[in-house]
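# Observations on chain architecture
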Amino acid sequence: MVVLWKGLHYCMWMADKPLIQEELADNICSVMHLFQDDVQMLLFIQVYFDTTAREWAGIDRLRLDKFMMLMRRFLRQCFAWLQRKKWKKPLLKRFIMTLCKAPISPSGNKCPDGRSRETRSRNT
């Protein structure tokens, strides 16, 4: 799963036109709905955030907007998945634990300020 996300990250990195970036972000996010197994889905989510945390420092200012767009769309699809699962408590708890490990952890040094602010403040 790590290799898959690294490849998806660099696909997004190479996308250079706004319409292509938007379509690619939607396509990447739609992959999550192909998982039938909740454990695999949660692993997919966790590895996305791990990959984002690992690669974030290398994103230059010209590419920052498209990765923030990807993150917003990814989170939106995560919530759509949880809604489809009727907000089952064990899934929700695991998802929240995943978020608290990296993207919205105010105390962790794993998350750069820009990304944690993005996941806490945007409504898209």
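Below is a short write-up of the structure. On a predicted model such as this, the values are computed, not experimentally measured, just so you know. (Residues numbered from 1 in each chain as written. Predicted model: local features only at pLDDT ≥ 70, side-chain atom pairs only at ≥ 80, totals over all residues. Heavy atoms only, no water.)

In terms of nonpolar packing, the biggest core is built from 30 residues, with Trp5, Ile45, Leu70 and Phe74 touching the most fellow members. Mapped by element, the contributors of at least two residues to this core are helix H1 (2-14), helix H2 (18-30), helix H3 (38-55), helix H4 (64-84) and helix H5 (89-101). Counting residues per element, this core draws most heavily on H4, which supplies 10 residues. (Core = buried A, V, L, I, M, F, W, Y, C linked by side-chain atoms within 4.5 Å. Buried < 20%, exposed > 50% of the residue type's maximum accessible area, 1.4 Å probe, protein only. Helix = DSSP H or I, 4+ residues; strand = E, 2+ residues; numbered from the N terminus.)

On to empty space enclosed by the protein. Tallying each qualifying case throughout the model produces one cavity of 30 Å³ or more. Of the voids in this model, the largest cavity is the one considered here, and its volume is about 70 Å³. Lining the largest cavity are Trp5, His9, Tyr48, Thr51, Thr52, Trp56, Ile59, Phe67 and Leu70. Those elements that provide at least two residues to the lining of the largest cavity are H1, H3 and H4. Counting residues per element, the lining of the largest cavity draws most heavily on H3, which supplies three residues. (1 Å grid on protein atoms, 1.4 Å probe; cavity = no way out; pocket = protein on both sides within 12 Å on 5 of 7 lines; lining within 4 Å. Points joined across faces, edges and corners; volume = space filled by probe spheres on them.)

It is possible for side chains of opposite charge to pair when their charged atoms get near one another. Scanning all chains against the criterion turns up five salt bridges. For Asp38, the salt bridge identified is with Lys85, shortest N-O distance 3.0 Å. One end of the pair, Asp38, is in helix H3; the other, Lys85, is in the loop between H4 and H5, and 47 residues separate them in sequence. Given a relative accessible area of 22%, Lys85 falls into the partly exposed group. The salt bridge partner of Arg63 is Asp60, with a shortest N-O separation of 2.7 Å. A relative accessible area of 23% places Arg63 in the partly exposed class. On the accessibility criterion, Asp60 (28% relative accessible area) is partly exposed. Three or more residues are tied together by salt bridges with common partners; here these are Lys6, Arg54 and Glu55. (Salt bridge = Lys/Arg side-chain N within 4 Å of Asp/Glu carboxyl O.)

Considering all chains together, one arrives at 11 aromatic pairs under this definition. On the numbers, 5.0 Å between centres and 65 degrees between planes, the contact of Tyr48 with Phe49 is edge-to-face. An identical accessibility class is assigned to Tyr48 and Phe49; each is buried. Geometrically, the ring pair formed by Phe49 and Phe74 is edge-to-face, given 5.9 Å between the ring centres and 90 degrees between the ring planes. (Phe/Tyr/Trp six-rings, centres within 6.5 Å; stacked < 30°, edge-to-face > 60°.)

Nothing here speaks to function; it is all geometry.
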